[in-house]
Amino acid sequence: MQVQDRSSAKPPKPPHQESDGQLLPTSAKFSNPTKNLDFSTRVCENLYRIIILFILVTTVAALFFLRNGAYGSDTSALLCIQSTQSHAIHPQLPQIRWNSIPPIADKSSAFANFRSEKWIVVSVSDYPSDSLRKLGKIKGWQLLAVGNSNTPKDWALKGTIYLSLEMQAQLGFRVVDYLPYDSYVRKSVGYLFAIQHGAKKIFDVDDRGEVMDDDIGKHFDVELIGEEAKQEVILQYSHENLNRTVVNPYVHFGQRSVWPRGLPLENVGEIGHEEYYTEVFGGRQFIQQGISNGLPDVDSVFYFTRKTGLEAFDIRFDEHAPKVALPQGMMVPVNSFNTIFHSSAFWALMLPVSVSSMASDVLRGYWAQRLLWEIGGYVVVYPPTIHRYDRIEAYPFSEEKDLHVNVGRLIKFLVSWRSDKHNLFEKVLQLSYVMAEEGFWTEKDVKFTAAWLQDLLAAGYQQPRLMSHELDRPRANIGHGDRKEFVPHKLPSVHLGVEEIGTVNYEIGNLIRWRKNFGNTVLIMFCSGPVERTALEWRLLYGRIFKTVIILSERKNVDLAVEQGQLDHIYKYLPKLFERYSSTDGFLFLQDDTILNYWNLLQADKTKLWITNKVSKSWTTVSATGDNDWFAKQADMVKKVVANMPVHLQVNYKESVKSEQSLTICNSELFYVPHHFVADFVDLVNLVGDLDIHHKVAIPMFFMAMDSQQNFDPVFDTMKYQQKPPSNLTMLYSSEVAAVHPWTISSEQEFIKLIRIMAAGDPLLMELV
């Protein structure tokens, strides 16, 4: 790591000034021609200056050591300091002076004077494919290839502008500082280059797609204004159901068993065709999403479960189905494989950098659709426009973790989001900031958004004007005369390798049911193991099922969104989490030494308390009068809390505890608090206050006070529980019980072993490894 030299010429020292304001030569304080001082006298008179000088020298030396010596031996200390200072709990909202952004001109490339209105932008990691060569020959469109660290050094294609990493760095755009070297999201530089060189339309595509008939204008609405624009009305999904916020467009085009990457898994089972449509006037479809024949844009769950062997997908959609628009309040997955952006939506081309690669363009699409409503624009989905070839190159489920964990919650959040900002770019920046606050991406994307918007303006882009949206207006009733019918063709689905019976396959159906059941439940997990090796894995495992996964640990890790908490008093940290998610069904607490078989929890009553009170090795009663001093002290503190309990809590507790000389202990690795008990739980935490009551004592006390044990749900009664782990953990595991304890996960390899045995209950888990 290089340390930049920031030294500069020192200004001349000012003459010393006495207290009476007269200026004297510097030497006047240290010498007097009429008075000779011996050495000791001079030292005494100037002792304070010597001490100050010593302190300054010592400080400079220490800083020099940290900035230089530490890099040569142990960088961790300095990096830790810098990391602590650079990461805040909440993201910082960048302050931008929109009217003071200097222009950025292309002065470094050979294409400085080149201009074109229509651009095709692709990311390239290998030598030009046949599909890419065909893209480069489409008349009227300029092909721009954006390289990354995997691109061959000698990459070239006649008639194509190629931006190598070196060229990208020389263009002067701010976004370059945030882009990963080995990812397709470097296309963001390509978008800015095209805009800088006169772009009015940008076709966002990948290098495996071939445009049908080699004519983009035949399939998309390339012209929205002027003589060549089509003056027509477009079929539109009905907005009558306000709770319907996302649709699967593949159903409209004849493939109801296929779903696009980015569609929430809980919506996969919605395969019925539309009862009716409405219409909208064309001209503001600033984002146009095309359908792909061959290999459409599908997620890894579909890719790995809907065929057998290594045969390539060759899925066909209805080419004669009409294009269809999305009304405000309704969204659709939008990708970077086959999409046209008109100039009014160029700001929406930004690809996030802090999420996984297979989630970046989909999160961009949802983010962009919400902001598109602010300028009166909308998305239209078009019948097949390209053919993409399936290279049978698998990508792991983990690359989509940001989709399956967050996308459903993101859509709900975006539809409900409102802004009081007075120009579009202020709204764009505000939404990126709030999305970081909500955990959909990180502060890095807030800074990236600020850089992107400034680069747009510097490249000569003018932001569109705002228009009032329709989200908060009363929706007009849809009369029979306004209803338009279209019944999609049901195209053959023999490629699926399964018989289509109107529902998705069994495994996907299970995942949907689990997600629907726990999609509004928050999982709070305490990790005793190394979070840097396990936090992401736990989120990936349980985030598919629960509303969100909060991870606590002894040490905070901002980069992994791990919050700090002490296990001995972990219950004292829960109220603030309860407050953060105040609209959930409930909260499930889990320690990382216990494995949760969520598929066996469907029958549990989410309005009741769940805990291991019938698991004898977990829930025990001990005497508080014996030789154990710790038991006695804990029992005395429990008595103090009980004495101050409100009547309903105290009555419940005393009904469960028959003797004041006993103490109930529960290891409390696993428990559930429904929403309507949260207030009682918080009250009990407040009653404990500063008392040093251990987690294993406080939790059973709380539960017995909140309700009678006979009302607890028995879901954890079947839990497989041992106090010490066996030598062979796989012999302990059973997929037929609600949970298994103990278990140890300290590395990715151990996590993979766990996933493979848990697949007995959830076969789709095999897609994680």
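In this convention, every chain numbers its residues from 1, walking through the sequence in written order. For this predicted model, a pLDDT threshold of at least 70 governs which residues receive local features, and a threshold of 80 or more governs which side-chain atom pairs are given and counted, while totals over whole chains, interfaces and linings are taken from all residues. Working from all heavy atoms in the structure, the side-chain values ignore hydrogens and water.

(A) Broad picture of the sheet that holds strand 16 (residues 595–596). Two strands are counted as paired when DSSP detects at least two bridges linking them. Note on conventions: DSSP H or I runs of at least 4 residues are helices, E runs of at least 2 residues are strands, and numbering of each starts at the N terminus. The sheet built from three strands is open, its strands ordered 16-21-20 with mixed pairing. Looking along the sheet, the strands with just one partner apiece sit at the ends: strand 16 and strand 20 (720–721).

(B) Up close: the sheet that holds strand 13 (residues 548–553). An order of 14-13-12-15-19 is seen for the five strands of this open sheet, with the pairing classed as mixed. A single partner strand is all that each edge strand has here, and the edge strands are strand 14 (562–564) and strand 19 (670–674). Pairwise comparison of adjacent strand axes, ignoring direction, gives a mean angle of 25 degrees for this sheet. Pairing of strand 13 with strand 14, which is carried by three bridges, proceeds in the parallel orientation. Residue pairing in the sheet places Ser553 in a bridge with Gln564 of strand 14. To obtain an axis, a line is fitted to C-alpha atoms, over the contacting stretch when the element is a helix, and the angle between two such axes runs from 0 to 180 degrees between their N-to-C directions.

(C) Broad picture of the packing of helix 12 (residues 424–437) against helix 13 (residues 443–458). Packing of helix 12 against helix 13 leaves a shortest axis separation of 8 Å and a crossing angle of 165 degrees. Classed by the angle they form, the pair helix 12 and helix 13 counts as roughly antiparallel. Considering only the axes of helix 12 and helix 13, their crossing is right-handed. Residues Phe425, Val428, Leu429, Ser432, Tyr433 and Ala436 of helix 12 lie in contact with helix 13, whose contacting residues are Glu443, Val446, Thr449, Ala450, Leu453, Leu456 and Leu457. When describing relative orientation, an angle under 35 degrees is termed roughly parallel and one over 145 degrees roughly antiparallel, while 65 to 115 degrees is termed roughly perpendicular and anything else oblique. Left-handed is the label given to a crossing in which the near helix is rotated counterclockwise from the far helix by less than a right angle, and right-handed is the label when the rotation is clockwise. Contacts are residue-level and defined by heavy atoms, with any inter-residue pair within 4.5 Å sufficient.

(D) Up close: the nonpolar core. For our purposes a nonpolar core is just a set of buried Ala, Val, Leu, Ile, Met, Phe, Trp, Tyr and Cys residues, chained together by side-chain atoms within 4.5 Å. Think of it in three bands: with a 1.4 Å probe and only protein chains considered, a residue is buried below 20% of the maximum accessible area for its type, exposed above 50%, and partly exposed in between. In this structure, Ile202, Trp347, Trp538 and Tyr542 are the most contacted members of the largest nonpolar core, which totals 157 residues. Residue contributions to this core peak at nine residues, all from helix 12. One finds Tyr581, Ala624, Met645 and Val685 within the second-largest nonpolar core, a separate group that totals 50 residues.

(E) Main features of the packing of helix 6 (residues 187–196) against helix 13. Following both chains from N to C, one finds helix 6 and helix 13 inclined at 20 degrees, their axes separated by 10 Å at the closest point. Taken together, the axis directions place helix 6 and helix 13 in an arrangement best described as roughly parallel. For the pair helix 6 and helix 13, the crossing hand works out as right-handed. Residues Ser188, Tyr191, Leu192 and Ile195 of helix 6 touch helix 13, and the partners they reach there are Phe448, Trp452, Asp455 and Leu456. Class assignment for the residues of the contact of helix 6 with helix 13 results in six nonpolar, one polar and one charged. Three classes are used: nonpolar for Ala, Val, Leu, Ile, Met, Phe, Trp, Tyr, Cys and Pro, charged for Asp, Glu, Lys and Arg, and polar for all others, with Gly counted as polar.

(F) Structural view of the pairing of strand 4 (residues 201–205). A large share of strand 4 lies buried, amounting to five of its five residues. The alternating pattern of strand 4 places Lys201, Phe203 and Val205 on one face and Ile202 and Asp204 on the opposite face, and all of these are buried. Where strand 1 (residues 118–123) meets strand 4, four bridges bridge the pair, whose relative direction is parallel. Bridging from a neighbouring strand, Lys118 pairs with Lys201 of strand 4. Relative to strand 10 (residues 338–342), strand 4 runs antiparallel, the two sharing five bridges. Across the sheet, Val205 pairs through a bridge with Asn338, a residue of strand 10.

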